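Structural description and commentary
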Amino acid sequence: MKIFDSVAQMKLATIKAGQYVETFGYYTKGDAGAARYLVVASQAADGYGDHVLANGTVAVLQSSGTVNVKQVGAVGDDVADDSDAIIKAIELSYATVRKLFIPAGTYKVTKTISANISNLEITGAGTDVTIIKATGVFKTCLEVNNGSWDDSTDTYSLSGSSIGSVTMSGFTLDGTASTGCTGLVLARATLGCVANRVKIIDFSAGMRNYGSWYSKYNQVILENNDINQHIGYESNDMTFSGCDWISDPANQSSMHIDTAITGTCRNVNFLGCGFDGVPTIAGMRMRGIHNLNFRDCYLEVYNSEVTKTANFIELGLETIGVVIDGCNLITGTGYSGTWVKCGIANGDAGKNITFGTNFQLNGGTNTCTVIDTEFSLAVSLGNSRTERPISITNPAEIIPSAMISTFIPATTGLDEITVPISTVRKKYTIPVTRIKVVFLESGTTLTTQKLRVINDANSVLVNWELPNIITAGDTHYITDDSFSLYETVTGEPAINSVMESGDSLRAYTYKVGTGWPFPAMSIYVEMT
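Conventions adopted
Residues numbered from 1 in each chain as written. Predicted model: local features only at pLDDT ≥ 70, side-chain atom pairs only at ≥ 80, totals over all residues. Heavy atoms only, no water. Helix = DSSP H or I, 4+ residues; strand = E, 2+ residues; numbered from the N terminus. Contact = heavy atoms within 4.5 Å. Areas by Shrake-Rupley, 256 points an atom, 1.4 Å probe, with all protein chains shown as cover. Expected span 1.5 Å × (residues − 1). Buried < 20%, exposed > 50% of the residue type's maximum accessible area, 1.4 Å probe, protein only. Core = buried A, V, L, I, M, F, W, Y, C linked by side-chain atoms within 4.5 Å. Phe/Tyr/Trp six-rings, centres within 6.5 Å; stacked < 30°, edge-to-face > 60°. Pairing = 2+ DSSP bridges. Axes fitted to C-alpha atoms, helices over the stretch in contact; angles between N-to-C directions. Disulfide = S-S within 2.5 Å. pLDDT = per-residue confidence, 0-100.

**Looking at the overall build of the protein chain**
- The helix and strand inventory of the protein chain stands at 2 helices and 50 strands.
- Residue pairs at least 24 apart in sequence account for 68% of intrachain contacts in the protein chain once pairs closer than 6 positions are excluded.
- Working note: accessible area of the protein chain is about 20,200 Å², and carbon and sulfur atoms make up 50% of it.

If you want it as structure tokens, here you go:
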């Protein structure tokens with residue numbers, strides 16, 4: 001079998017049909033374009049994978065499991081235009097193994113690379129190692145698109161049959177040399193597509209998900225795109241795991257994620273993801289999503305950002321069934337926006353929003369609001385620990401939730417029993433907390449017996465005198481409106497007044513003189 005240093009050298013040879021030949025490289029020996037060819041009788045040749053030899057026979061590229069873009073003429077030197085070579089490599093993989101490999105290098109492209117083939121695997125040598133660099137003025141760098149998305153008009157229309165199970169991994173899409181370009185488009189026919197360890201940087205739009213179903217994204221980074229991601233048009237069952245959206249403090253993005261109201265999206269999940277830096281317009285503007293979940297995510301506003309007024313998460317029209325749980329927010333110096341704004345405007349707000357156990361810490365002095373429930377419907381505030389306020393202007397829409405239940409047993413004599421009710425660290429800007437007392441046994445008090453609630457500074461917030469006659473099952477709510485049920489110590493605020501940042505609550509029972517032992521009771525701290 002004859003072996004040549006390059007394709008050019010092979011093309012000068014006279015070789016009979018039926019023989020196999022090999023090259024040590026495409027352009028030069030050792031350039032990663034080494035390949036094996038089968039020589040066939042005269043036929044049309046594309047000049048990428050098929051080459052006409054000196055005697056008119058044609059050397060046809062043979063794929064052994066994977067098509068390498070350098071085997072069809074891609075250079076990867078950030079100078080040569082590799083668009084056509086990559087497109088041809090995708091076509092060859094479609095006709096053969098449907099596996100495409102892009103070795104280390106920077107591949108300049110000046111037109112859209114379409115990977116509109118089901119069951120195609122595109123693999124690079126690693127992010128920041130294999131780089132596809134969009135250069136010039138065109139609309140899309142890489143697409144999986146059955147034709148529903150028209151980037152010439154920026155319009156979407158449902159059409160065509162599905163393209164599914166395209167897997168992408170180990171490369172970077174770089175838009176620093178492009179104008180008005182989107183990094184990755186997954187449009188309509190993206191059933192079950194997967195992206196692993198893909199990085200998309202410096203595009204006008206990093207990624208567009210339109211009609212993407214059952215797609216999964218693992219360790220994907222969207223960094224410094226003007227809008228890092230668009231989601232819309234019935235993109236359902238999407239899961240992002242360990243992904244990161246980054247806005248450079250020195251060159252802030254406009255938005256991390258923007259969703260379209262057109263075509264409701266369902267079941268969109270962010271698991272263990274990071275959102276670094278707050279963009280200038282909004283972090284995430286979520287509209288038209290049913291079942292939206294943020295779990296164990298990390299969000300940070302940098303001290304060094306110039307514009308720090310945008311809200312981090314905005315929930316708008318037709319966003320229903322939101323869960324935010326286990327998330328951490330670090331707010332930098334000077335941040336004046338809101339972490340989660342549950343409604344954008346009247347009629348443009350989220351509904352059925354549940355906060356679990358989340359944490360907000362100050363990274364510097366700031367005036368941010370952690371949660372603003374204005375305009376929203378049916379919000380459960382959960383058990384978050386925050387150093388900045390929660391703003392509630394629509395208390396009728398706040399779902400009561402028992403946060404801590406503490407049982408105080410009966411006792412005798414002059415004993416004082418101190419029982420912690422809540423160690424929840426938070427601060428509210430309007431009255432929202434109340435104490436609920438449920439008596440577990442009946443009896444008659446023979447002396448002054450009280451329930452006292454204090455904060456960390458030992459300031460008395462509630463000093464409630466028990467009723468004289470108690471019936472098992474009696475329930476009392478100690479709030480600002482319950483003057484007939486308790487008395488406040490002169491000069492001290494009631495339980496529903498603004499608490500100090502970081503306060504916890506403690507409750508204990510005590511009596512003046514001897515008398516009937518304290519009745520058994522359950523004590524709750526509630527949101528109302």
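**With respect to helix H2 (residues 83-95)**
- Across its 13 residues, H2 extends 19 Å between first and last C-alpha, which sits within 8% of the 18 Å expected from 1.5 Å per residue.
- Of the residues making up H2, those classed as buried are Ser83, Ala85, Ile86, Lys88, Ala89, Ile90, Leu92 and Ser93.
- Here the buried face of H2 lies against strand E5 (58-62), strand E6 (67-68), strand E7 (77-81), strand E8 (99-102), strand E9 (105-109) and strand E10 (113-114).

**Some thoughts on the environment of Gly18**
- Relative to the helices and strands, Gly18 resides in the loop between helix H1 (7-11) and strand E2 (20-23).
- The contacts of Gly18, once residues within four sequence positions are left out, are Leu38 and Val39.

**Brief notes about the nonpolar core**
- Ranked by internal contacts, the top residues of the largest apolar core, which has 96 residues, are Phe240, Phe270, Phe275, Phe294, Phe312 and Trp339.
- Sorting elements by how many residues they give to this core places H2 first, with 5 residues.
- Setting aside residues up to four positions removed in sequence, Phe270 forms contacts with Phe240, Trp245, Ile257, Phe275, Met286, Leu292, Asn293, Phe294, Arg295 and Cys297.
- Counting residues in hydrophobic clusters, the runner-up holds 7 residues, among them Val437, Phe439, Leu466 and Ile470.

**Considerations on the packing of aromatic side chains**
- Using the criterion set out here, one finds 10 aromatic pairs in the structure.
- Ring plane angle 15 degrees and centroid distance 4.7 Å describe the contact between Tyr217 and Phe240, whose orientation is recorded as stacked. In this pair, Tyr217 sits in strand E20 (residues 216-218) while Phe240 sits in strand E23 (residues 236-241), placing the two residues 23 residues apart along the sequence.
- Put simply, the rings of Tyr217, Phe240, Trp245, Phe270, Phe275 and Phe294 pair up and form one aromatic cluster.

**So, the sheet that holds strand E1 (residues 2-4)**
- Ordered by their spatial adjacency, 5 strands build an open sheet running E1-E2-E3-E5-E4, and the pairing between neighbours is mixed. One side of each edge strand has no neighbouring strand; the edge strands of this open sheet are E1 and strand E4 (50-52). Here the average twist between neighbouring strands, direction ignored, is 30 degrees.
- Direction of pairing for E4 relative to E5: antiparallel, over a ladder of 3 bridges. The residue of E5 that forms the bridge with Asp50 is Val60.

**Side note on the state of the cysteines**
- This structure, assessed with the given rule, holds 0 disulfides.
- The closest cysteine sulfur to the non-disulfide-bonded Cys297 is located on Cys327, 4.6 Å from its own sulfur.

**A look at unusual backbone geometry**
- Although it is not a glycine, Gln219 sits at a positive phi angle of roughly 55 degrees.
- Tracing the sequence through the fold places Gln219 in the loop between E20 and strand E21 (221-223).

**A look at the pairing of strand E28 (residues 282-286)**
- With 4 of 5 residues buried, E28 is to be regarded as a mostly interior element.
- The pairing of strand E25 (residues 255-259) with E28 spans 3 bridges and is classified as parallel. When the sheet's bridge partners are listed, Met255 is paired in E28 with Ala282.

**Some thoughts on the confidence of the model for the protein chain**
- Summarising the model, the protein chain shows a mean pLDDT of 81, and 80% of its residues fall at 70 or more.
- Looking over the protein chain, one finds the lowest element-wise mean pLDDT in strand E42 (residues 417-422), namely 37, and the highest in E9, namely 97.
- Across residues 401-432, where pLDDT falls below 50, the model places 120 contacts with residues more than four positions away in sequence or in other chains.
- Scored below 50 in pLDDT, residues 480-502 makes 55 contacts in the model with residues more than four places away or belonging to other chains.

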